[in-house]
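# Report on the structure
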Amino acid sequence: MHHVFQKAGEFIYRNSRSLDLARWQYHFEDGSKEAVLKALSYYQNEDGGFGHALEPDA
């Protein structure tokens, strides 16, 4: 199982957006919630809501 987890991490580091990487680091590598919030802020609309390309295309 460790091998599968390691492969998943390699995939995330190689292919993910900064938001997805920050979430991976938060959940599995003792990353900070501040890093997740900072990455999430790039998807915030002018009215304070979220959705500006928040959903990945692939």
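The structure this text deals with has already been given above.
Cut-offs and rules
Residues numbered from 1 in each chain as written. Predicted model: local features only at pLDDT ≥ 70, side-chain atom pairs only at ≥ 80, totals over all residues. Heavy atoms only, no water. Helix = DSSP H or I, 4+ residues; strand = E, 2+ residues; numbered from the N terminus. Buried < 20%, exposed > 50% of the residue type's maximum accessible area, 1.4 Å probe, protein only. Contact = heavy atoms within 4.5 Å. Core = buried A, V, L, I, M, F, W, Y, C linked by side-chain atoms within 4.5 Å.

### Focus: the environment of asparagine 45
With respect to the helices and strands, the residue asparagine 45 is situated in the segment after α3 (33–41). By relative accessible area, asparagine 45 is classed as partly exposed at 31%. Along the chain, asparagine 45 and tryptophan 24 lie 21 residues apart, while their C-alpha atoms are 24 Å from each other. In contact with asparagine 45, not counting residues within four places along its chain, are Phe50, Gly51 and His52.

### Thoughts on the nonpolar core
Leu19, Ala22, Val36, Ala39 and Tyr43 together form the largest nonpolar core, which totals five residues. Residues in contact with alanine 39, not counting those within four places in the same chain, are Ser18, Leu19 and Ala22.

### Examining helix α2 (residues 18–28)
Along α2, the residues classified as buried are Leu19, Ala22 and Trp24. For α2, the elements touching its buried residues are α1 (2–15) and α3. Following α2 by one or two positions, aspartate 30 adopts a phi angle in the positive range, close to 60°.

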